[in-house]
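Notes for the structure review
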Amino acid sequence: MNTPLPPTIWTVKPIEEQRALTLTDWAIFGIKMSRSPVRRRHFAGYNVQDREGRASSAIVQFDTVTLRGVTKSGRVYQLSGSPGLEGDGQHVWASWLRLAKATDVERVQLS
């Protein structure tokens, strides 16, 4: 994304500085990007370590029992508590969707 970030959104720590984090108030979304017909899944929620909203890169591996997943960046996300995107996580997710020009967004329900 070459679009400048809004003042309320900032880049995340490099993977070398933060390999894993925990999301609360989380959701998983399936999206299509304007440049690709492939549907990708992403985590969104509240990063408890850094007290900020977070939208992830594409999920490459996810365990529905442990609620633990790995994204394309190599970062490990541990989902905690029940799903329910709100607050800062919701704000960051909405901003990320606009910046990424994502289309066809659907919330993924876990069985």
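Residues numbered from 1 in each chain as written. Predicted model: local features only at pLDDT ≥ 70, side-chain atom pairs only at ≥ 80, totals over all residues. Heavy atoms only, no water.

1. A short note on the overall build of the protein
Scanning the protein from N- to C-terminus turns up 1 helix and 7 strands. The linear arrangement of helices and strands in the protein, starting from the amino end, is β-β-β-β-β-β-α-β. In terms of overall size, the protein behaves like a compact globule, its C-alpha atoms giving a radius of gyration of 13 Å where 111 residues would be expected to give roughly 13 Å. Projected onto its principal axes, the C-alpha positions of the protein cover 35 × 30 × 25 Å. The buried share among the 111 residues of the protein stands at 40%. Restricting the contact set of the protein to residue pairs at least 6 apart, pairs at least 24 apart contribute 60%. (Helix = DSSP H or I, 4+ residues; strand = E, 2+ residues; numbered from the N terminus. Rg over C-alpha atoms; globule rule 2.2 N^0.38 Å. Buried < 20%, exposed > 50% of the residue type's maximum accessible area, 1.4 Å probe, protein only. Contact = heavy atoms within 4.5 Å.)

2. Let's talk about unusual backbone geometry
What is expected of a backbone is that most residues other than glycine have negative phi and most peptide bonds are trans. Of note in this structure, R51 is not a glycine but carries a positive phi near 50 degrees. Relative to the helices and strands, R51 resides in the loop between β2 (39-47) and β3 (52-55). Take R51: its relative accessible area is 67%, and that puts it in the exposed class.

3. Observations concerning helix α1 (residues 87-100)
The end-to-end C-alpha separation of α1 is 20 Å, in line with the 20 Å expected for 14 residues at 1.5 Å each. Those residues of α1 lying buried are G89, V92, W93, S95, W96, L97, L99 and A100. Elements that come into contact with the buried residues of α1 comprise β1 (20-33), β2, β3 and β7 (102-107). K101 lies just past α1 and shows a positive phi near 55 degrees. (Expected span 1.5 Å × (residues − 1).)

4. Things to note about the nonpolar core
Among the nonpolar cores identified, the biggest contains 13 residues, and F29, I31, M33, L85, W93, W96 and L97 are the most heavily contacted of them. When contributions to this core are tallied by element, the ones reaching two or more residues are β1 and α1. The dominant element in this core, judged by the number of residues it contributes, is α1, at 5 residues. W26, F43, L79 and V108 belong to the second largest nonpolar core, which has 10 residues in total. (Core = buried A, V, L, I, M, F, W, Y, C linked by side-chain atoms within 4.5 Å.)

5. Structural notes on the side chain of R54
Residue placement: R54 occurs in strand β3. In terms of polar contacts, R54 uses its side chain to reach the side chain of Q18, at 3.3 Å. Polar contacts involving the side chain of R54 include one to the side chain of E52, which spans 3.0 Å. (Polar contact = N/O pair within 3.5 Å; in protein donor to acceptor, adjacent residues only side chain to side chain.)

6. Thoughts on the packing of aromatic side chains
One pair of aromatic rings is described through two measures. These are the centre distance and the angle between the planes. Across all of its chains, the model carries 4 aromatic pairs by this definition. The interplanar angle of 35 degrees and the centroid separation of 5.3 Å between the aromatic rings of F43 and Y77 together place this pair among those described as tilted. Of this pair, F43 sits in strand β2 while Y77 sits in strand β6 (residues 76-79), and the two are 34 residues apart along the sequence. Each member of the pair, F43 as well as Y77, carries the same accessibility label: buried. (Phe/Tyr/Trp six-rings, centres within 6.5 Å; stacked < 30°, edge-to-face > 60°.)

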